[in-house]
Amino acid sequence: VTMVTAGICTVAANQDGNGSYSAAPQMTQNVMLATLGAQALEKPAYPVIFIHGFNSDASAWGKFSSALRANGWSDGGTLRANSTVPGPADFYKSSFSNNHELTFSEQGAELAHVISAVLAANPTKNKVILVGHSMGGLAARAYLQGQAGVRYSDRNDVDALITVGTPHQGSLEAQRCFEKSSCAAGLDFFHFYPDSKAFQALLPGSYGLGKLNSFPG
């Protein structure tokens, strides 16, 4: 890990080819960097819930959680749908009960329970902030769009949703995996399981994505 200062940096990345994959072209991206350690981050107005993506769990937020704790944010730990929240905190990590066999709506239903538990532990707050990585952002959308077995308009308990690397139109990596006979049973780089509910939902044009993206407004 190389420490950098705040400002603009250019990130360049490329991937060599192998027997199964063609080489990917080099990509560059200018990124605005802020150093977390320079000064304490202002604490959020509402508790933040971090939501992991496909084939992952709450540990994906490990280094980021450490940085937040170092800047004075209190960590409420990892929560599942049936968790009891130990107490008030600035942020929490959610973890789904299954990484492969839950639809977006089913993930959203688990998230609804986590949100309720977080608000019960923070009685002075009436909303949360959601941060979803990859498929976690789609689970959050399912909750917000009333596709998780609860009517969101009756709850109105999310101040903001931030998605990071979320395939709102479907995952091209999942599509390529689906089309390759060599990509099966979690043996590929991304550990996809093509027959799983989650994988099928991530394919461009899937029923789950169509339902999310046909939502009014």
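For the structure itself, consult the block above.
Rules used in this analysis
Residues numbered from 1 in each chain as written. Predicted model: local features only at pLDDT ≥ 70, side-chain atom pairs only at ≥ 80, totals over all residues. Heavy atoms only, no water. Salt bridge = Lys/Arg side-chain N within 4 Å of Asp/Glu carboxyl O. Helix = DSSP H or I, 4+ residues; strand = E, 2+ residues; numbered from the N terminus. Buried < 20%, exposed > 50% of the residue type's maximum accessible area, 1.4 Å probe, protein only. Contact = heavy atoms within 4.5 Å.

Engineer: Would you take a moment to explain the pattern of salt bridges for this structure?
Structural biologist: Pairs can form between side chains of opposite charge whenever their charged atoms are close. One pass over the structure, following the stated rule, counts six salt bridges. The salt bridge partner of Glu 106 is Lys 197, with a shortest N-O separation of 3.9 Å. Note that Glu 106 is positioned in helix α2 (residues 104-121) and Lys 197 in helix α6 (residues 197-202), a separation of 91 residues in sequence. By relative accessible area, which is 40% here, Lys 197 ends up partly exposed. Through salt bridges that share partners, Arg 69, Asp 75 and Lys 93 make up one connected network.

Engineer: So what exactly am I meant to see when it comes to the environment of Ile 49 here?
Structural biologist: When you line up the elements, Ile 49 lands in strand β3 (residues 48-51). Note on Ile 49: relative accessible area 0%, which makes it buried. Considering only alpha carbons, one finds Ile 49 and Leu 111, 62 residues apart in sequence, at a separation of 9.4 Å. Leaving out residues up to four positions away in the same chain, Ile 49 has contacts with Tyr 92, Ser 94, Leu 111, Val 114, Ile 115, Val 118, Val 128, Ile 129, Leu 130 and Val 131.

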